[in-house]
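Inside the fold
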Amino acid sequence: MNILVTGGTGYIGSHTVVELQQQGHTVVIVDNLSNSHANVVDRIAEITGIRPEFHQFDLTDGEKTAAFFTNHSDLDGIIHFAAFKAVGESMADPLMYYHNNLGSLINILKGMKEHGIRNLVFSSSCTVYGQPDDLPVRETSPVKEAWSPYGNTKQMSEQIIRFSVEAYKLKAIALRYFNPIGSHESALIGELPLGVPNNLVPFITQTAIGLRQTLNVYGSDYNTPDGTAIRDYIHVVDLAKAHVVAVNRMMKEAGKPDYEIFNLGTGNGFSVLEVIQSFEKVSGQSLNYKITDRRPGDVEKVWADTSYANEELGWKAEKSLDEMMLSAWKWEQSLAAKKQ
Ligand code: NAD
Ligand code: WQD
């Protein structure tokens, strides 16, 4: 199958391109490199032995996107990762987020409609649930009022897709990721945060390697067993594999609903202190951290009910927290080795 992967040089996109190629799919990447590097294409080729076709342009550019689709009308499906994803940045500049995340999606859907490309997999987020009333959180749990423009773009995107599926006779699967961490076992691709990381795991590995002095643990007074906040961390390779399953399901299995939503997590919640302990165990390093105030806007605890994805997709996350932390650490070390 010919699959367009938007945002394919990014963190989750690059891991998904590898899994798609390894399952025999042909991949075309579109990315404007606003948050990734062109050399990721070389790394993918190094891992799989196949160089994906790569086009660098901005998907909010209607003319360029339309021209791309005219030349690629034989696509069987699209996985749409391309988006901005920094919650804090979206609070400071909401319009930048609405323009990029919704504009690119609308241009993709227009291309699908024009050229009869039926299948879309969309990157959604557990952020659509906010702080759920009941845990673990199910796909049927209410979508709460968005706390950030970023989260709002995911909620709005899901609605835009739902109505477009109905009107234009498309098929789509929205995947709500919990907290993706870790990297490919080759340590050739991984997460590349620009500047100071917002997310916990890159901050841990950058602290351990000496790029940051101290990790701030945001709050120890939550209503959790050790007082620190709980999340459902999932290995990025497990997440990438779910995209291949989703693509195959849309193309090969008849009789499924035209629009589906799945939670992608492990179903296990870990606290910030448990993540730190896992890191210290697998790396043999002790981490410099201190407890500080809560980070505004953080939810206390969230983890997924994955039974629908497990049963319907026949997919289950396999990697443990220790495996996730070890792969994240190997990636950080490989980045440091390249700088020397
Ligand atoms: P990333 O920033 O590493 O990858 C996104 C890629 O999209 C980047 O390579 C960027 O250059 C590209 N891009 C952005 N806007 C573009 C545009 N207008 N045109 C072309 N390319 C563009 O992010 P990621 O962590 O790989 O996230 C991928 C998707 O998953 C995003 O939609 C994100 O919102 C979603 N998501 C991420 C997480 C997470 O914690 N990483 C969690 C839930 C959902
Ligand atoms: C995890 C835990 C922090 C950094 C974000 C987005 C969400 C989704 C996933 C895209 C929290 C704590 C963190 C630090 C800390 N992305 N922490 N010190 O906030 O769950 O979710 O990424 O859709 O939308 O909001 O992830 O990695 O930032 O934080 O103590 O320096 O680690 O308080 O409890 P989060 P995170």
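Structure's up top.
Now for a quick tour of the structure.

Quick notes on the rules
Residues numbered from 1 in each chain as written. Chains lettered and ligands numbered in written order. Predicted model: local features only at pLDDT ≥ 70, side-chain atom pairs only at ≥ 80, totals over all residues. Heavy atoms only, no water. Helix = DSSP H or I, 4+ residues; strand = E, 2+ residues; numbered from the N terminus. Polar contact = N/O pair within 3.5 Å; in protein donor to acceptor, adjacent residues only side chain to side chain. Contact = heavy atoms within 4.5 Å. Expected span 1.5 Å × (residues − 1). Buried < 20%, exposed > 50% of the residue type's maximum accessible area, 1.4 Å probe, protein only. Core = buried A, V, L, I, M, F, W, Y, C linked by side-chain atoms within 4.5 Å. Near = heavy atom within 4 Å. Areas by Shrake-Rupley, 256 points an atom, 1.4 Å probe, with all protein chains shown as cover. Nonpolar A, V, L, I, M, F, W, Y, C, P; charged D, E, K, R; others polar.

**Description of the side chain of S90**
Assignment of secondary structure puts S90 in helix α4 (residues 87-92). Of the polar contacts made by the side chain of S90, one reaches the backbone oxygen of V87; its length is 2.7 Å. When neighbours within four sequence positions are excluded, S90 is seen to be in contact with Y97, S148, P149 and Y150.

**Focus: helix α9 (residues 272-283)**
The terminal C-alpha atoms of α9 lie 17 Å apart, and with twelve residues this matches the ideal 16 Å at 1.5 Å per residue to within 8%. What α9 keeps buried is the set V272, L273, V275, I276, S278, F279 and S283. Phi turns positive, to about 70 degrees, at G284, one or two residues after α9.

**Topic: the nonpolar core**
L175 and W315 are the most contacted members of the largest nonpolar core, which has 35 residues in total. Sorting the residues of this core by element identifies β1 (2-6), α1 (11-22), β2 (26-30), α2 (39-48), β6 (171-177), α8 (236-252), β11 (259-264) and α10 (307-313) as the ones contributing at least two each. It is α8 that provides the largest number of residues to this core, a total of eight residues. What W315 contacts, discounting residues up to four positions off in sequence, is I234, D238, K241, A242, V245, L264, G265, A309 and N310. Among the nonpolar cores identified, the runner-up in size contains 23 residues, and F69, L75, I78 and F122 belong to it.

**Remarks on the site of ligand 1**
For ligand 1, the set of nearby residues contains 28 residues, the closest of which are D31, N35, S36, N100 and Y150. The backbone of S34 places a nitrogen or oxygen atom 3.0 Å from an oxygen atom of ligand 1. The separation between an oxygen atom of ligand 1 and a polar side-chain atom of K85 is 2.8 Å. Protein burial of ligand 1: of its 820 Å² of free accessible surface, 95% is covered by the chains. For the shell around ligand 1, a count of residues per class yields twelve nonpolar, twelve polar and four charged.

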